[in-house]
Amino acid sequence: MLFFHLATALALPAAVSLSAQPSSPAIADQAQTIPIGGTWTYAAGGGSSEASFTDGNGHAQLRLTCTRVTRRVTLSKPANLASPTLAVWTSTQSRNVAAGFDAATARLSAQFANWDPLLDAIAFSRGRFAVSASGQPALVVPSWGDISRVVEDCRV
């Protein structure tokens, strides 16, 4: 019996220290952050569809584009510098995704296969999701149905 109590006492600090270690999410938890003001719009045509988020000043902040031929979804945001990744936070998932920079359009983008679970996490995130690049603050935007439409366009 003494051995059992001793083993339990020694195991408890190890278990507590393991569970107390913070996980390393791709981006800080944004559950309490208020999304920036603006609207999502959806447009389709010419073999693609797009959901575009425009802030209150009329600046395009985020785009999700489906290219039907390749069945890929591209997430892009304005950027001044290249970054190897985009960090994406949703209420159920966080992940760093490989990104590319297009200097001609000054946009940083990441591509997803049409069945990537992160697309569902973005579409069904509770009220908001966030995107960030190296050294930049997170762009926290509301999650609206326009995103789901683009994702579904690449799946049918």
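Only a predicted model underlies this, so the values are computations on that prediction, with no experimental measurement involved.

Rules used throughout
Residues numbered from 1 in each chain as written. Predicted model: local features only at pLDDT ≥ 70, side-chain atom pairs only at ≥ 80, totals over all residues. Heavy atoms only, no water. Helix = DSSP H or I, 4+ residues; strand = E, 2+ residues; numbered from the N terminus. Buried < 20%, exposed > 50% of the residue type's maximum accessible area, 1.4 Å probe, protein only. Contact = heavy atoms within 4.5 Å. Pairing = 2+ DSSP bridges. Phe/Tyr/Trp six-rings, centres within 6.5 Å; stacked < 30°, edge-to-face > 60°. Lys NZ or Arg CZ within 6 Å of the ring centre and 35° of its normal.

Visitor: Even after reading the chapter, I still don't get the overall build of the protein, so can you show me in this structure?
Guide: Of regular secondary structure, the protein possesses three helices and 10 strands. Moving toward the C terminus, one meets the helices and strands of the protein in the order α-β-β-β-β-β-β-β-β-α-β-β-α. Scored against the burial criterion, the 156 residues of the protein give a buried share of 37%. A separation threshold of at least 6 residues defines the contact pool for the protein, and within that pool the share at least 24 residues apart is 54%.

Visitor: Where do I start with the pairing of strand S1 (residues 38-45) in this structure?
Guide: For a regular strand, side chains alternate in direction, first toward one face of the sheet and then toward the other. In this sheet, strand S2 (residues 48-55) lies alongside S1 in antiparallel orientation, the contact comprising eight bridges. Residue pairing across strands places Thr-41 opposite Ser-52, the latter belonging to S2. Between the antiparallel neighbours S1 and S2 lie two residues, among them Gly-46 with a positive phi of about 65°.

Visitor: How should the packing of aromatic side chains be read in this particular structure?
Guide: Here the structure, examined in full by the defined rule, presents two aromatic pairs. Relative to Phe-53, the ring of Trp-40 lies with its centre 5.4 Å away and its plane at 55°, an arrangement referred to as tilted. With Trp-40 in strand S1 and Phe-53 in strand S2, the pair connects residues that are 13 residues apart, well separated along the chain. Here the aromatic residues Trp-40, Phe-53 and Phe-129 are joined through ring pairs into a cluster of three or more. Cation over ring: Arg-149 sits above Tyr-42, and NZ or CZ is 3.7 Å from the ring centre.

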